[in-house]
Amino acid sequence: MSAVGRQACPLPADPVLGAMAVAMRDAGQWGELVDRSWAWSYMTDDLRLSYGGLLEFADVALGERYAGPTAVQTRLGWRAGENTPELARRAFSAVGGLILADTPGGRRELRERVHPHLRDIVDELSPEHVPALSFEWRGMHSGNEGSACVTAVRLHDGAGRLAGTALITKPGAGMAVVATVAAAGDPDHFERMQRVAKPARRAAAILFADLAASSSLARRISTARYFALGRRLVRAADQCVIDAGGLVGRHAGDGIVAFFLVETAGSESAAARACITAASTLRGRLRHVAERSGLAPDDVVLRFGLHWGSRLYIGQITTGGRAEVNALGDEVNETARIEACAGEGRMLASKDLMERLERPDAAALDLDADHVSYTPLGELATATDKARRDAPAILVCEV
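Residues numbered from 1 in each chain as written. Predicted model: local features only at pLDDT ≥ 70, side-chain atom pairs only at ≥ 80, totals over all residues. Heavy atoms only, no water.

> Teacher, can you tell me more about the overall build of the protein chain here?
Each helix and strand in the protein chain was counted, giving 16 helices and 15 strands. What you see for the protein chain is a C-alpha radius of gyration of 27 Å, clearly larger than the 21 Å of a compact globule of 399 residues, by over 25%. Across its three principal directions, the C-alpha atoms of the protein chain cover 85 × 45 × 40 Å. Taken across its 399 residues, the protein chain has 45% of its residues classed as buried. Within the protein chain, counting contacts between residues at least 6 apart in sequence, those at least 24 apart form 63% of the total. For the protein chain, the computed accessible surface area is about 19,200 Å², with 49% contributed by carbon and sulfur atoms. For the protein chain, the separation between the mean place of its 46 positive charges and that of its 50 negative charges on side chains is 3 Å. (Helix = DSSP H or I, 4+ residues; strand = E, 2+ residues; numbered from the N terminus. Rg over C-alpha atoms; globule rule 2.2 N^0.38 Å. Buried < 20%, exposed > 50% of the residue type's maximum accessible area, 1.4 Å probe, protein only. Contact = heavy atoms within 4.5 Å. Areas by Shrake-Rupley, 256 points an atom, 1.4 Å probe, with all protein chains shown as cover. Lys, Arg positive; Asp, Glu negative; His and termini not counted. Charge placed at Lys NZ, Arg CZ, Asp CG, Glu CD.)

Structural data, given as structure tokens:
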């Protein structure tokens, strides 16, 4: 038995199973392989990462019988997936007919091979002599039981001999729904989201933006038209954040939130530069958003607030309805105060953010960070009551 840890599973020695492993791996599939005796032979990194709760690679007991004691016990130790005795029983009931068909000694031999918790199910199985079949699979993920669909495909060599079985899993939703959720998304952004699946303290630049005079605009135009504007604005904002290497935060109304992590940008200076770049690029695209919405440029104006968080508590929140990145910390609330004071079309950045910029990054932004003058937030003519109450001493400049 080989319990694979952080390393990728080695490719099976059998040429048929090896070719299938490469195909599943290169396609980014949730997939695993067993040989003709149902010994666990391979699992893709994508499936192992999902079973590890997006935090680690789940262990795989290579060489062990798929429903045997060691393999089942390994699954029970996973963060997600088939990790409870009841879920293990459901999975074995679904695939057991194939295993029985491949067991030379029939029920008696299979009963001796499987985990004791599964032995009573053996008597209920019927041999499945089919080239492929699909079944619903249930598993735990993020504390909730979810569904998936598994397709078992029988694999044969050139002489027609059974080499093994591929078990290819997909989310329970149909591919049309999956495509709506994921196909239009940016793979690099999804990977960045996975990096914050485990909440932790992280340093990051923070971007807040909000549509100025939105209440009066919403009253002036139809609800459908305002909704279309909001959708165009959010899409443009998200793309600017993604292109700059940031993480899109939660959307509230026409408000925009984003984070630019040091760990993904490479340095504090790079994170600060990415934040300012995203905000500047978005401001430059507002005229196009206004034109597509049949509005004047002055109707679509954003306020921007940019700040720095040295120890934000950032993580991913996944529920049955959505997956999003959120952050907590005093600096998040302070960024909201900075944005509210920005006034129409202005971009205010804190001294904490600006002084993260090294000379090359500042020059790339056409900024001279060493000769910037700052004003306490509470002394701005546009300062709000909340800013004067909560964050009057934060030093800001206009970018």
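> What is the right way to look at the packing of helix H10 (residues 223–243) against helix H12 (residues 268–292) in this model?
The relative placement of two packed helices is expressed as an angle between their axes plus a distance between the axes. Packing of H10 against H12 leaves a shortest axis separation of 9 Å and a crossing angle of 155 degrees. As judged from the angle between their axes, H10 and H12 are roughly antiparallel. Judged by the sense of rotation from one axis to the other, the crossing of H10 with H12 is right-handed. Together, Leu229, Arg232, Leu233, Ala236, Ala237, Gln239, Cys240, Val241 and Asp243 of H10 and Ala278, Thr281, Leu282, Arg285, Leu286, Val289 and Arg292 of H12 make up the contact between the two elements. Among the residues forming the contact of H10 with H12, the class breakdown is 10 nonpolar, two polar and four charged. (Axes fitted to C-alpha atoms, helices over the stretch in contact; angles between N-to-C directions. Parallel < 35°, antiparallel > 145°, perpendicular 65-115°, else oblique. Left-handed = near helix turned anticlockwise from the far one by under 90°. Nonpolar A, V, L, I, M, F, W, Y, C, P; charged D, E, K, R; others polar.)

> Can you walk me through the packing of aromatic side chains in this structure?
Any two aromatic rings considered together are summarised by their centre-to-centre distance and by the angle between their planes. Taken as a whole, this structure holds four aromatic pairs when the rule is applied. Each ring, one from tryptophan 38 and one from tyrosine 66, has its centre 5.8 Å from the other, and the planes form 65 degrees; the classification is edge-to-face. Note that tryptophan 38 is positioned in the loop between strand E2 (30–35) and strand E3 (40–43) and tyrosine 66 in the loop between strand E4 (60–62) and helix H3 (69–76), a separation of 28 residues in sequence. Each of the two residues, tryptophan 38 as well as tyrosine 66, counts as buried. Between tyrosine 51 and tryptophan 78, the ring centres sit 4.3 Å apart and the planes meet at 15 degrees, which makes this aromatic pair stacked. Of the two residues, tyrosine 51 sits in helix H2 (residues 45–51) while tryptophan 78 sits in the loop between H3 and helix H4 (85–101), which places them 27 residues apart along the sequence. As far as burial versus exposure is concerned, tyrosine 51 and tryptophan 78 are alike and both buried. The structure contains a cluster of three or more aromatic residues connected by ring pairs, namely Trp38, Trp40, Tyr51, Tyr66 and Trp78. Above the face of the tyrosine 66 ring, arginine 75 is positioned so that its terminal group lies 4.1 Å from the ring centre. (Phe/Tyr/Trp six-rings, centres within 6.5 Å; stacked < 30°, edge-to-face > 60°. Lys NZ or Arg CZ within 6 Å of the ring centre and 35° of its normal.)

> Explain empty space enclosed by the protein here, please?
Empty space left among the atoms is revealed by rolling a probe the size of a water molecule over them. Within the structure shown, the criterion is met by two cavities of 30 Å³ or more. Reported here for the largest cavity is a volume of approximately 180 Å³. Lining of the largest cavity is provided by 19 residues; of these, Tyr66, Glu82, Ala91, Val95 and Trp137 occupy positions nearest its centre. Going through the elements one at a time, H3, H4, strand E5 (132–141) and strand E7 (162–171) are the ones with two or more residues in the lining of the largest cavity. Sorting elements by how many residues they give to the lining of the largest cavity places H4 first, with five residues. In the lining of the largest cavity, the residues fall into 15 nonpolar, one polar and three charged. Lining of the second largest cavity is provided by Ser37, Trp38, Arg65, Tyr66, Ala67, Gly68, Ile99, Leu110, Arg113 and Val114. (1 Å grid on protein atoms, 1.4 Å probe; cavity = no way out; pocket = protein on both sides within 12 Å on 5 of 7 lines; lining within 4 Å. Points joined across faces, edges and corners; volume = space filled by probe spheres on them.)

> Quick question: what am I supposed to make of the pattern of salt bridges here?
When the charged atoms of two side chains with opposite charge come close together, those side chains can pair. All chains considered together, the criterion is met by 20 salt bridges. A salt bridge links arginine 90 to glutamate 86, with the shortest nitrogen-to-oxygen separation between them at 3.8 Å. Of this pair, arginine 90 and glutamate 86 both sit in helix H4, separated by four residues, roughly a single helical turn. Residue arginine 90 is classed as partly exposed on the basis of its relative accessible area, which comes to 36%. The salt bridge involving arginine 346 is made with glutamate 398; its shortest N-O contact spans 3.3 Å. Of this pair, arginine 346 sits in the loop between helix H13 (330–340) and strand E13 (347–350) while glutamate 398 is found in strand E15 (residues 395–398), placing the two residues 52 residues apart along the sequence. Judged by its relative accessible area of 23%, arginine 346 falls in the partly exposed class. (Salt bridge = Lys/Arg side-chain N within 4 Å of Asp/Glu carboxyl O.)

> Explanation requested: H10 in the structure shown.
Helix length check: H10, at 21 residues, gives a terminal C-alpha distance of 30 Å against a target of 30 Å (1.5 Å per residue), a fit within 8%. Among the residues of H10, those classed as buried are Tyr226, Ala228, Leu229, Leu233, Val234, Ala236, Ala237, Asp238, Cys240, Val241 and Ile242. Trailing H10 by a residue or two, glycine 245 shows a phi angle of about 85 degrees, which is positive. (Expected span 1.5 Å × (residues − 1).)

> In this structure, what is going on with the side chain of threonine 74? I would like to understand it.
With respect to the element layout, threonine 74 can be found in helix H3. Classification of threonine 74 as buried rests on a relative accessible area of 17%. Those residues in contact with threonine 74 that lie beyond four places of it in its chain are Asp59, Val60 and Ala61.

> Is there a simple way to explain the layout of surface pockets in this structure?
Volume-wise, the second largest pocket comes out at about 240 Å³. Lining the second largest pocket we find 16 residues, and of these Phe208, Arg250, Ala252, Val257 and Val332 sit closest to its centre. Elements represented by at least two residues in the lining of the second largest pocket include exactly strand E8 (200–211), strand E10 (256–261), strand E12 (323–328) and H13. No other element matches H13, which puts four residues into the lining of the second largest pocket. Tallied by class, residues from the lining of the second largest pocket come to 10 nonpolar, three polar and three charged.

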